[in-house]
Protein chains: 2
Amino acid sequence: MDLVTVGTVAFDNIETPFGSQDKVVGGAATYISLAASYFTKKIGLVSVIGDDFSKSMLNELEGRSVDLRGLQIKEGEKSFFWAGRYHFDMNTRDTLDTQLNVLADFDPIVPPSYQNPSFLMLGNLAPAVQAKVLDQLESRPELVALDTMNFWMDSAMSELKEVMSRVDLLSINDEEARQLTGEHSLVRAARKILKMGPKYLVVKKGEHGALLFQDDRMFFAPAMPLEDIVDPTGAGDTFAGGMMGYLARTGSVSFPDLKRAIIVGSAMASFCCEAFGTQKLLELDHGKINERIAQFVDLVDMEAEVLEL
Amino acid sequence: MDLVTVGTVAFDNIETPFGSQDKVVGGAATYISLAASYFTKKIGLVSVIGDDFSKSMLNELEGRSVDLRGLQIKEGEKSFFWAGRYHFDMNTRDTLDTQLNVLADFDPIVPPSYQNPSFLMLGNLAPAVQAKVLDQLESRPELVALDTMNFWMDSAMSELKEVMSRVDLLSINDEEARQLTGEHSLVRAARKILKMGPKYLVVKKGEHGALLFQDDRMFFAPAMPLEDIVDPTGAGDTFAGGMMGYLARTGSVSFPDLKRAIIVGSAMASFCCEAFGTQKLLELDHGKINERIAQFVDLVDMEAEVLEL
């Protein structure tokens, strides 16, 4: 496999100040796999669903060459469910309901055909579950990326630190970087995190863009200011999927390729926000993606080879 | 004059989670003039102070060729005073005290030598006072920039809209752009604001950078992630001062020059945050400024002439 992803495959109820939709197909691994499918074709998915899950989404994924042998389907059980309400700023949200269902006792099984992936994306899940996926690999991938959230910092910090020590890239938001290190300055926070295991840190700032840190190097990618933000759900996962899909496509983890992967991830995330759930991610093609990437390049173009006094 | 500035010249008491200082010399016009003085030498300042104000800061400004004929000194009265406390995020703050003092009945007098400025910066003040400065000009400057804040949107919206209709560039933060237009999307907010008078809109987002809008064009400048943010007071004014100083230096208001002016403003603002009050702005030189500007260029450099799938 070029890319293996573990994460939730789920239903979401989403409320924003401008609209709402119920039982939208979502989950971190869904967004990651859909976004990555535009860049690489050998994708394996490790997750669990109930027998209530959308057959058409499973067909959609398989149609995009996402291998589902790692997706467990529990007969008579229900898929993971999340309900949330966004604030007026569309950058913060409250969780209204979480029903773990099949996720409660999820024991990930990595099929033999997935055990030597070039790239591995550990989507947001309990750190112990993420670690179980790492344990089942035969060979070390070129890059292992880990996404997590404040919930695990509050409830499972030691397991989180343990799994963090085994990965190459950590992806969290700015508040989580501050919580994880007790440092207000993201520069200081990054320095501490890069001593905890990961060689690369991606700080996601939602509508304010993303920062990449490696050693003493920094790169900043803006978010695209959008005409309409319909639903930011899954934008962070879509960002990760675009980034990992692009890296799997290039087969490189050089700093310049990581920068470009983050621009690609930002472009994919900007599409994600333009419709509810995964809808927009199903309608893209390379032409539309190239056009959006060109807008990102233009957005920060200073039109100055040398800007000096 | 190349650049005339109106705004406060004042004392601040500043508290941050990491330290505090009392009676720090500040005020919008102080920060603007100091920042601009690195780029252009014929600067006029319109403001008012009491006889309690710092003589050494007045000498400092005059030593930088800032003309003070427009600065009224009221004997027996006290200078404007503001006290504020920053939250842990260093991006938001509470006002603890405001003593208008000499500002209560400030009637700006624009000296004859200031009445034909190439560039005019209307720093944050009551819109009616900003309008009085415009009324006293003999000729239209190449560019008039207006800074304002939510306080005037709440208390003097009609005067604000009136003065807005007479300027070329509006500088506000993202929440204020949303408040002014009732639009969540900054793209939509910008479109509305560009119909209210200004040809250019600069949306300041503090630690998240700045956006420039003109017609359908957008440019994004990041903020520099800093090792230590000591005090963000005056960063917005320093940004404006760097931007206007750079424009006055080039004498141009082309879109590429506006972009570069915003990078220069962002660089100056990043210095401002590294010490309390104006301290850091007194210690710079072109070498240090060029080095910081180069870091900004590097921060968003995608190392890709063409990034295409």
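Residues numbered from 1 in each chain as written. Chains lettered and ligands numbered in written order. Predicted model: local features only at pLDDT ≥ 70, side-chain atom pairs only at ≥ 80, totals over all residues. Heavy atoms only, no water.

Visitor: Which parts of the structure should I look at to understand the overall build of chain A?
Guide: Within chain A, the regular secondary structure consists of 10 helices and 14 strands. Its C-alpha atoms give chain A principal-axis dimensions of about 70 × 40 × 35 Å. Sorting the 309 residues of chain A into buried and exposed places 61% on the buried side. For chain A, the share of sequence-separated contacts (at least 6 apart) that also reach a separation of at least 24 residues comes to 65%. By element, 47% of the accessible surface of chain A is carried by carbon and sulfur atoms, the whole surface being about 11,500 Å². In chain A, the 29 positive side-chain charges and the 45 negative ones have mean positions that sit 4 Å from each other. (Helix = DSSP H or I, 4+ residues; strand = E, 2+ residues; numbered from the N terminus. Buried < 20%, exposed > 50% of the residue type's maximum accessible area, 1.4 Å probe, protein only. Contact = heavy atoms within 4.5 Å. Areas by Shrake-Rupley, 256 points an atom, 1.4 Å probe, with all protein chains shown as cover. Lys, Arg positive; Asp, Glu negative; His and termini not counted. Charge placed at Lys NZ, Arg CZ, Asp CG, Glu CD.)

Visitor: Looking at this model, I keep getting lost on the interface of chain B and chain A. Mind explaining?
Guide: Interface extent is often summarised as the accessible area lost during association of the parts. Between chain B and chain A, the residue contacts involve 47 residues of the former and 47 residues of the latter. A combined buried area of about 4,600 Å² lies between chain B and chain A, and 61% of that area is made up of carbon and sulfur atoms. Across the contact surface, chain B and chain A share 10 salt bridges. The salt bridge partner of B:Glu303 is A:Lys259, with a shortest N-O separation of 2.7 Å. Those elements that provide at least two residues to the side of chain B that touches chain A are helix H6 (174-181), helix H7 (186-193), strand S14 (217-221), helix H8 (235-250), helix H9 (255-272) and helix H10 (286-299) of chain B. Per-element tally for the side of chain B that touches chain A: the top contributor is H10(B), with seven residues. The residue inventory of the side of chain B that touches chain A, partitioned by class, reads 27 nonpolar, five polar and 15 charged. (Buried area = accessible area lost by both parts, 1.4 Å probe. Salt bridge = Lys/Arg side-chain N within 4 Å of Asp/Glu carboxyl O. Nonpolar A, V, L, I, M, F, W, Y, C, P; charged D, E, K, R; others polar.)

Visitor: Just to check I follow, could you spell out the environment of A:Arg188 for this structure?
Guide: All names here are of chain A. Here Arg-188 lies in helix H7 (residues 186-193). A residue is classified by how much of its surface remains accessible, and Arg-188, at 29% relative accessible area, is partly exposed. In the structure, Arg-188 is positioned 10 residues away from Arg-178 in sequence and 9.3 Å away in space, judged by C-alpha atoms.

Visitor: Looking at this structure, I do not really get the sheet that holds strand S8 (residues 93-99) of chain B. What am I missing?
Guide: Hydrogen bonds between backbone atoms are what pair the strands of a sheet, whose relative direction is either parallel or antiparallel. Residues and elements named next belong to chain B. If you trace the four strands from one edge of the open sheet to the other, you get S3-S2-S7-S8, paired in mixed fashion. The sheet is open, and its two borders are formed by strand S3 (19-26) and S8, each paired with just one other strand. Here the average twist between neighbouring strands, direction ignored, is 15°. Note that strand S2 (residues 10-16) and S3 share six bridges and pair antiparallel. When the sheet's bridge partners are listed, Asp-12 is paired in S3 with Val-24. (Pairing = 2+ DSSP bridges. Axes fitted to C-alpha atoms, helices over the stretch in contact; angles between N-to-C directions.)

Visitor: Mind showing me how you'd approach a negative patch on the surface here?
Guide: Residue and element names in this part refer to chain A. Taken together, Asp-51, Glu-75, Glu-77 and Asp-105 make up a surface patch of like negative charges. Within the fold, Asp-105 resides in the loop between strand S8 (93-99) and strand S9 (119-122). Taking the relative accessible area as the measure of exposure, Asp-105 reaches 60% and is therefore exposed. (Patch = residues over 30% accessible without salt bridge, like charges linked within 9 Å, V, L, I, M, F, W, Y side chains within 5 Å.)

Visitor: Would you mind showing me how to read helix H9 (residues 255-272) of chain A here?
Guide: Helical geometry: 3.6 residues make up each α-helical turn, so side chains three or four residues apart lie on a common side. A rise of 1.5 Å per residue sets the reference length of H9(A), with its 18 residues, at 26 Å; its end C-alpha atoms lie 25 Å apart and thus fit the reference within 8%. When you tally the buried positions in H9(A), you get 17 out of 18 residues, the bulk of the element. (Expected span 1.5 Å × (residues − 1).)

Visitor: When you look at the confidence of the model for chain A in this model, what are you seeing that I'm missing?
Guide: When pLDDT drops low, the exact placement of atoms in the prediction is not to be read closely. Per-residue confidence for chain A averages 96 on the pLDDT scale, and 99% of its residues sit at or above 70. The ipTM for the predicted assembly is 0.90, set against a pTM of 0.93. (pLDDT = per-residue confidence, 0-100.)

Visitor: I tried to follow the relation of the copies chain B and chain A on my own but got confused; where do I start?
Guide: Look at the two chain copies: a rotation about an axis and a shift along it is all it takes to match them. After a rotation of 180° and a shift along the axis of 0.0 Å, chain B superposes on chain A with an RMSD of 0.0 Å. Taken together, the rotation angle and the small translation identify this as a two-fold axis. Minimal C-alpha separation from the rotation axis in chain B is found for B:His208, amounting to 2.9 Å. Mapped onto chain A, 100% of the interface residues of chain B again fall at the interface, so both copies present the same surface. (Least-squares fit on C-alpha atoms with pLDDT ≥ 70 in both.)

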